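The lines below spell out each chain.
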Amino acid sequence: MRVVVTGGAGFIGSGLVYALVSGGSEVTIIDDLSTGSMDNVHPSAGFRRLDVTGPDLKDALIGAAPDVVVHLAAQVSVTVSLEDPEFDRRVNVEGTRAVAEAAVAARAGRVLFASSAAVYGDPAELPLTEESPTAPVVPYGRSKLEAEGVLSEVLRPAGVDFACLRFANVYGPRQKAEGEGGVVAQFASRMSSGGTPVINGTGRQTRDFIFVADVVNACVQAAEFEGVLALPGASGPAYNVSTGTPTSVNMLAETMRVAMRFGGTIEHGDPRSGDVEESVLSPAKAASVFGWHAVVDLPTGIGGTAAWFLQRR
Ligand SMILES: NC(=O)c1ccc[n+]([C@@H]2O[C@H](COP(=O)([O-])OP(=O)(O)OC[C@H]3O[C@@H](n4cnc5c(N)ncnc54)[C@H](O)[C@@H]3O)[C@@H](O)[C@H]2O)c1
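Predicted model, so just to flag it, every value in this text is computed and none were measured.

Scoring rules and cut-offs
Residues numbered from 1 in each chain as written. Predicted model: local features only at pLDDT ≥ 70, side-chain atom pairs only at ≥ 80, totals over all residues. Heavy atoms only, no water. Helix = DSSP H or I, 4+ residues; strand = E, 2+ residues; numbered from the N terminus. Expected span 1.5 Å × (residues − 1). Buried < 20%, exposed > 50% of the residue type's maximum accessible area, 1.4 Å probe, protein only. Arc of directions from axis to C-beta. Contact = heavy atoms within 4.5 Å. Core = buried A, V, L, I, M, F, W, Y, C linked by side-chain atoms within 4.5 Å. Domains from an automatic or database assignment. Salt bridge = Lys/Arg side-chain N within 4 Å of Asp/Glu carboxyl O. Polar contact = N/O pair within 3.5 Å; in protein donor to acceptor, adjacent residues only side chain to side chain. Nonpolar A, V, L, I, M, F, W, Y, C, P; charged D, E, K, R; others polar.

Counted at 1.5 Å a residue, the expected span for helix 10 (residues 298-311) with its 14 residues is 20 Å, and the 20 Å between its end C-alpha atoms agrees. For helix 10, the complete set of buried residues consists of Leu298, Gly301, Ile302, Thr305, Ala306, Phe309 and Leu310. For helix 10, the arc enclosing every buried residue in end-on projection is 160°, short of the 170-degree limit, so these residues lie on one face. Turned more than 90 degrees away from the buried face of helix 10, the exposed residues are Thr300 and Gln311. Residues of helix 10 that are buried in the fold lie against strand 7 (169-171), helix 6 (183-192), strand 10 (209-211), strand 12 (247-248) and helix 8 (249-260).

What follows is the structure in structure tokens.
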């Protein structure tokens, strides 16, 4: 396959590029390096330093002639989205529109979009399925949901297959301490430097933590799937990418304490505004449609992540 990965110099994107290249795909990365890094870029992948909202995107995609476009480039910070919702919307909605239009112009066969559990907001039911109501509570979640609509609007009439992969809380090596799902990286960086990890609120809030290699496999399997991913109906192209297992932040912190061999104290701070109390997403649809399910359990994933952070100390 020829694949374009936007955001391929970032945390999830760089892992995906390594997996695609080892599987024999020809990969071009498009990334403006705003949060990504050249250190993450696979030496055998093509690299274009471009902003997805900029004027050169269409020509870059036409030049790369991809079978599949995986669109991961985004404004990823909930905090930034609260401070500057206009910027968040420009990158996440208009950037996604530009990628979709460029994918049509480049005659790509499929677009995979990194959406988020944030589109659901405060869940009315658990586990969340793709049919659950979407009521995002932060601008980041609203922009991801609007971007899903933009993909439908641009790609369905053009006959380009697509999927909106709603990632749960992703963690793993190379994650930065800032940004969505960054709690594992924040705890790991505090624990490895002898600092004090701070849990926002009681720590009884739950999240669906998923190891990055599982998310990468979901993208690869969706890219290679021979059927149609954009099923009819509003939630047709949406797929949760999750474990289906809730973990409290307190439990996460204790698992990390063991893996990081941390002997210090863990403190509790104020709850973070916009944080939902409970979150767990059913991964059943991705399993039944394109045969993917997560295989890495929390202690194993945290063990691998801890080893990476400890090595860099
Ligand atoms: N990490 C998570 O827990 C999580 C959860 C849900 C969804 N997601 C989504 O997954 C995707 C990847 O996230 P990540 O955690 O790897 O974050 P990341 O910040 O490591 O990666 C994002 C990449 O996109 C690039 N980028 C940002 N704006 C750009 C622009 N305008 N033009 C070109 N490149 C740009 C950055 O330089 C970076 O390399 C994002 O779309 C994010 O919203 C992540």
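This part covers the nonpolar core. Residues Val5, Leu16, Leu112, Leu165 and Phe167 are the most contacted members of the largest nonpolar core, which totals 44 residues. It is helix 7 (residues 212-224) that contributes the most residues to this core, eight residues altogether. Membership of the second largest hydrophobic core comes to 28 residues, among which are Val4, Ala73, Ala100 and Leu155.

A few words now on the domain arrangement of the protein. The domain boundaries assigned to the protein delineate domain 1 (2-169 + 211-241) and domain 2 (173-208 + 243-280 + 295-311). Inter-centroid distance (C-alpha atoms) of domain 1 to domain 2 is 25 Å. Counting residues at the interface gives 24 residues for domain 1 and 19 residues for domain 2. Where domain 1 touches domain 2, the interface holds zero salt bridges. On the surface where domain 1 and domain 2 come into contact, there are six residue pairs in polar contact (both at pLDDT 80 or more). Elements with a contribution of two residues or more to the side of domain 1 that touches domain 2: helix 1 (11-22) and helix 7. Split by residue class, the side of domain 1 that touches domain 2 holds 14 nonpolar, eight polar and two charged.

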